[in-house]
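# Structural description and commentary
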Amino acid sequence: MDSTLKVYLDCSPLTNTQVSGIGVYNKNLFLELQKVQGDDVVPVLKWSRFSKAQIVESHIKTKVAPLAPLLFNKNIVYHGTDHKLNTRSLGPRVVTIHD
């Protein structure tokens with residue numbers, strides 16, 4: 001069994017074709033984490049936003065996974081970027097708050 005913790009980064013701020021503010025932060029955060037952690041950083045979207053996955057993928061040049069089935073994995077760290085803490089995740093959670 002793989003005991004590596006993966007980071008599931010909520011990429012909801014990248015669902016618009018034009019990104020600014022939180023979207024720029026989110027994109028740069030993903031790209032920098034990916035340089036350090038590689039495939040252990042996974043971009044995710046909530047089901048309610050998954051129809052916009054192609055827009056997100058165009059910004060980060062990486063496939064996006066749906067969040068819902070991943071919440072039950074204790075070996076993930078969920079990083080929310082829209083000031084909401086996902087209370088359903090069984091693993092550790094991080095939330096980023098912006099002004």
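Residues numbered from 1 in each chain as written. Predicted model: local features only at pLDDT ≥ 70, side-chain atom pairs only at ≥ 80, totals over all residues. Heavy atoms only, no water.

All right, on to the pairing of strand S2 (residues 41-45) then. Most of S2 is tucked away: 5 of the 5 residues are buried. The two faces of S2 match: Val-41, Pro-43 and Leu-45 on one face and Val-42 and Val-44 on the other face are all buried. The handedness of the strand S1 (residues 6-10) to S2 crossover, carried by helix H1 (residues 22-37), is right-handed. Here 2 bridges tie S2 to strand S3 (residues 65-66), and the two strands are oriented parallel to one another. Of the residues in S3, the one forming a bridge with Val-44 is Ala-65. (Buried < 20%, exposed > 50% of the residue type's maximum accessible area, 1.4 Å probe, protein only. Helix = DSSP H or I, 4+ residues; strand = E, 2+ residues; numbered from the N terminus. Right-handed = clockwise from strand over helix to strand, strands pointing away. Pairing = 2+ DSSP bridges.)

So, on to helix H2 (residues 53-60). Within the sequence span of H2, burial applies to Ala-53, Val-56, Glu-57, His-59 and Ile-60. The buried residues of H2 occupy an angular sector of 160 degrees when the element is viewed end-on, so they sit on one face. Packed against the buried residues of H2 are H1 and S2. (Arc of directions from axis to C-beta. Contact = heavy atoms within 4.5 Å.)

We now examine the nonpolar core. Among the nonpolar cores identified, the biggest contains 11 residues, and these are Leu-9, Cys-11, Leu-14, Leu-29, Phe-30, Val-41, Leu-45, Ala-53, Val-56, Ile-60 and Val-64. Broken down by secondary-structure element, the contributors of at least two residues to this core are H1, S2 and H2. For this core, the leading source of residues is H2, giving 3 residues. Setting aside chain neighbours within four positions, we find Ala-53 in contact with Leu-45 and Val-64. (Core = buried A, V, L, I, M, F, W, Y, C linked by side-chain atoms within 4.5 Å.)

Glancing now at the packing of aromatic side chains. The full count for this structure, using the stated rule, is 1 aromatic pair. Plain terms: the ring middles of Trp-47 and Phe-50 are 5.9 Å apart, the flat faces sit at 65 degrees to each other, and that makes the pair edge-to-face. Residue classification places Phe-50 among the partly exposed residues on the basis of a relative accessible area of 24%. (Phe/Tyr/Trp six-rings, centres within 6.5 Å; stacked < 30°, edge-to-face > 60°.)

Examined against the element boundaries, Val-94 turns out to sit in strand S5 (residues 93-95). For the pair formed by Val-94 and Thr-81, sequence separation is 13 residues and the distance between their alpha carbons is 8.6 Å.

It is worth stressing that arrangement in space is one thing and function is another; only the former is reported here.
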